[in-house]
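A structural walkthrough
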Amino acid sequence: MEKKLVFLGIGIILVTIAFSGCQEEATSIEKTFEDISFDLDILELVNGSLDITEDKEIITRVEVTLYFKNLLDEDINVEYVVEFCDKNDNVLYNKSYEIKNFPAEYTEISPDIFLCHGENVAEFDHVNVRVISYEVIE
């Protein structure tokens, strides 16, 4: 019985070590996000996804999910806007969002999710993300 616990413990440690190496490798890969453009100098878009729902080839719903990292060496409050745009970069819908007390060099662990639906959503083409304002917390 005691030998089984020792082997189980060693197995868990080896699996943990193996996966921790894989995780470090994944974070060094350059990421691109199709149809999501961002103009952010204080935040990094670490992960982003776009989910488009269609009915008979007509867009009926768009959901964008964003994870950011604070690039500054200081804690901040930041407000940004997510714009759902058509092919001509006309804004169909926008939503601002504020992250309060965003720690220095911290990456969000829960996503910011934005949803666009309604009469203009059928013309959707891409998403723009811009910082509106930020302040350093002292």
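This write-up is about the structure you can find in this document. Since the model is a prediction, treat every value here as computed from it, not as a measurement.

Each value, and the rule that gives it
Residues numbered from 1 in each chain as written. Predicted model: local features only at pLDDT ≥ 70, side-chain atom pairs only at ≥ 80, totals over all residues. Heavy atoms only, no water. Phe/Tyr/Trp six-rings, centres within 6.5 Å; stacked < 30°, edge-to-face > 60°. Helix = DSSP H or I, 4+ residues; strand = E, 2+ residues; numbered from the N terminus. Buried < 20%, exposed > 50% of the residue type's maximum accessible area, 1.4 Å probe, protein only. Polar contact = N/O pair within 3.5 Å; in protein donor to acceptor, adjacent residues only side chain to side chain.

1. Here's the deal with the packing of aromatic side chains
The geometry of two aromatic rings is summed up by the distance between their centres and the angle between their planes. One pass over the structure, following the stated rule, counts seven aromatic pairs. Between the aromatic rings of phenylalanine 84 and phenylalanine 124, the centroid separation amounts to 6.1 Å while the plane-to-plane angle is 55°, which identifies the pairing as tilted. Highlighted residues: phenylalanine 84 in strand S4 (residues 76–85) and phenylalanine 124 in the loop between strand S6 (112–117) and strand S7 (126–136), separated in sequence by 40 residues. Phenylalanine 124 matches phenylalanine 84 in its accessibility class, with the two residues each being buried. Here tyrosine 97 and phenylalanine 114 contribute two aromatic rings whose centre-to-centre distance is 5.8 Å and whose plane-to-plane angle is 90°, an arrangement assigned as edge-to-face. On the criterion of sequence distance, the pair formed by tyrosine 97 in strand S5 (residues 91–102) and phenylalanine 114 in strand S6 is long-range, its members being 17 residues apart. Overall, tyrosine 97 belongs to the partly exposed group, its relative accessible area being 35%. What links up through ring pairs into an aromatic cluster is the set Phe68, Tyr80, Tyr97 and Phe114.

2. Topic: the environment of aspartate 89
Following the sequence through the fold, aspartate 89 ends up in the loop between S4 and S5. With 35 residues separating them in the primary sequence, aspartate 89 and phenylalanine 124 have C-alpha atoms 9.6 Å apart. One polar contact links aspartate 89 to asparagine 128, side chain to side chain, over a distance of 2.9 Å.

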